[in-house]
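# Survey of secondary and tertiary structure
Here is what each chain is made of, one letter per residue.
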Amino acid sequence: MRKPFMAGNWKMNGSISHVKEFIDGFSVSEEVVKTREIVICAPFTLLSLCSEYGAGRKPYIRFGAQNVYFEPKGAFTGEISVAMLKEAGCYCCIIGHSERRQYFGETDATVNKKMNALLDGGVLPVVCVGETLEERESGRTEAVVSGQVKGSVIASAGTKDLAGIVVAYEPVWAIGTGKTATSAQAEEVCSMIRGLLNEALGETVGNGIRILYGGSMNPANVDELMAQPNIDGGLVGGASMKPADFARIASYVE
Ligand code: 13P
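Before going into details, it helps to say that this report is about the structure given with it. Position labels on residues start from 1 in each chain and follow its written sequence. A pLDDT threshold of at least 70 governs which residues receive local features in this predicted model, and a stricter bar of 80 or more applies before side-chain atom pairs are shown or counted, although totals over entire chains, interfaces and linings include all residues. Working from all heavy atoms in the structure, the side-chain values ignore hydrogens and water.

### Examining the overall build of the protein
In DSSP terms, a helix is any run of H or I states spanning at least four residues, a strand is any run of E spanning at least two, and both are numbered starting from the N terminus. Assigned secondary structure in the protein consists of 12 helices and eight strands. Taken over the C-alpha trace, the protein has a radius of gyration of 17 Å; the compact-globule value for 254 residues is 18 Å, and the two agree within 12%. Along the first, second and third principal axes, the C-alpha atoms of the protein reach 45 × 45 × 35 Å. Counting the 254 residues in the protein, one finds 54% classified as buried. In this description, contact between two residues means that some pair of their heavy atoms is separated by no more than 4.5 Å. Partitioning the intrachain contacts of the protein with sequence separation of at least 6 by distance along the chain shows that 74% fall at a separation of at least 24. Only the C-alpha atoms count toward the radius of gyration. The rule for a globule is 2.2 Å times the residue count to the power 0.38. Think of it in three bands: with a 1.4 Å probe and only protein chains considered, a residue is buried below 20% of the maximum accessible area for its type, exposed above 50%, and partly exposed in between.

### So, the sheet that holds strand β3 (residues 61-65)
Pairing between two strands is assigned when DSSP locates at least 2 bridges connecting them. Taken in spatial order, the eight strands line up as β1-β2-β3-β4-β5-β6-β7-β8 and close into a barrel, and their pairing is parallel. With strand direction ignored, the average angle separating the axes of adjacent strands in the sheet is 25°. Relative to strand β7 (residues 210-214), strand β6 (residues 166-169) runs parallel, the two being bridged by four bridges. Its bridge partner lying in β7, Tyr169 is registered against Tyr213. Its contacts with the sheet put helix α8 (residues 141-152) on β5 (124-129) and β6, and the angle it makes with β5 is roughly 155°. Each axis is a line fitted through C-alpha atoms, and for a helix only the stretch in contact is used; angles between axes span 0 to 180 degrees, taken between their N-to-C directions.

### So, the pattern of salt bridges
Pairing of side chains with opposite charge becomes possible as their charged atoms draw close. The working definition used for a salt bridge is a side-chain nitrogen of Lys or Arg within 4 Å of a carboxyl oxygen of Asp or Glu. Scanning the entire structure with this criterion turns up 14 salt bridges. Between Glu31 and Lys34 there is a salt bridge, with its nearest N and O atoms 3.8 Å apart. Pair noted here: Glu31 and Lys34 are both in helix α2 (residues 30-35), with a separation of three residues, about one helical turn. On the basis of relative accessibility, which here comes to 48%, the residue Glu31 falls in the partly exposed class. For Arg101, the salt bridge is made with Asp108, and the minimal N-O distance between the two is 2.6 Å. In this structure Asp108 comes out as partly exposed when scored by relative accessible area, which is 22%. The structure contains a network of salt bridges with shared partners spanning Arg2, Arg194 and Asp232.

### A closer look at the pairing of β5
For β5, a buried count of six out of six residues is recorded, marking the element as mostly surrounded by other parts of the structure. Both faces of β5 are covered, namely the face carrying Leu124, Val126 and Cys128 and the face carrying Pro125, Val127 and Val129. Pairing between strand β4 (residues 92-95) and β5: four bridges, direction parallel. Among the inter-strand pairings, Cys93 is bridged to a residue of β5, identified as Pro125. Pairing of β5 with β6 involves four bridges; the strand directions are parallel. Paired with Cys128 across the strands is Ala168, a residue of β6.

### Digging into the side chain of Asn67
As for its position among the elements, Asn67 is in the loop between β3 and α4 (82-87). Residue classification places Asn67 among the buried positions, given a relative accessible area of 9%. A polar atom in the side chain of Asn67 sits 2.8 Å from the side chain of Lys114. Excluding residues that lie within four positions of it along the chain, Asn67 makes contacts with Phe44, Leu85, Cys93, Ile94, Arg100, Glu106 and Lys114. Whenever two N or O atoms come within 3.5 Å, that pair is a polar contact, provided that in protein one can donate a hydrogen and the other can accept it, and provided that, for residues adjacent in sequence, both atoms are side-chain atoms.

### Re the packing of helix α1 (residues 16-25) against helix α3 (residues 47-57)
Here α1 crosses α3 at 25°, and the two axes come no closer than 10 Å. In terms of orientation, α1 and α3 fall into the roughly parallel class. Between α1 and α3 lies a crossing of right-handed hand. Side by side, α1 and α3 meet where Ile16, Val19, Lys20, Ile23 and Asp24 of the first sit next to Leu49, Cys50, Tyr53, Gly54 and Arg57 of the second. By residue class, the composition of the contact of α1 with α3 is six nonpolar, one polar and three charged. Our angle categories are set so that under 35 degrees counts as roughly parallel, over 145 as roughly antiparallel, 65 to 115 as roughly perpendicular, and the remainder as oblique. Left-handed describes a crossing in which the near helix is turned anticlockwise from the far one by less than a right angle; the clockwise case is right-handed. Note on residue categories: nonpolar means Ala, Val, Leu, Ile, Met, Phe, Trp, Tyr, Cys or Pro, charged means Asp, Glu, Lys or Arg, and polar means any other residue, Gly included.

### Comments concerning unusual backbone geometry
Located in the positive-phi region is Lys11, a residue other than glycine, with phi close to 55°. Looking at the secondary structure, you find Lys11 in the loop between β1 (5-9) and α1. Relative accessible area serves as the criterion here: at 21%, Lys11 is assigned to the partly exposed category. Even without glycine at this site, Ser216 takes up a positive phi of about 55°. Examined against the element boundaries, Ser216 turns out to sit in the loop between β7 and α11 (222-226).

Below, the structure written as structure tokens:
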């Protein structure tokens, strides 16, 4: 059984006061706490506060970063290492988000190096993939997404233990647009990703990898998306800033 992974990505949003308001205002049932992983990926500068403020109040919320650098230390001005994330209390780290691929030149090769560094350092990688609208409309969704999965993740088959990593399918055209993929569209791609993972890593590892959907996930569409067999969680942008909305998403009804 894959434990559902319900993650918020605050992107470049939030503040010290927002962390406190969010943690104070977030509330889910004990059953949800027991059966699902709940994660917030906050900006670097808020991560220590998240861990410290959350620990005594909502210890079941885990925290993650939204990017990392693959070198362990040194003259890389402006970058953050895996060890630094660990020290700030990070459980996981998003890598290869489409916004990083689009605006900051992230490639499958750099995402793969980051995944390897996270695995070596004991921080769970959440590897993002997804096609643009133009790629979808020209019938290239499968080629694009499978290329990303192979280049970012499967490239490490045989050299890294990939059991337990998380992959997030986020169609770029559904991010921040209010335009969600239908549950059938999302399931089609997530199931294709599952097939690739099973083929490359074997079914024991492949079937244990959680595949998330991201792109305008909200309290109104989460139940249907989570009902799909190959969608094991969500990566939620806008709606994860509001504690009540994110609590409802994490408490999706089966
Ligand atoms: P939205 O939920 O705001 O569409 O963002 C999705 C996303 O990019 C999460 O990583």
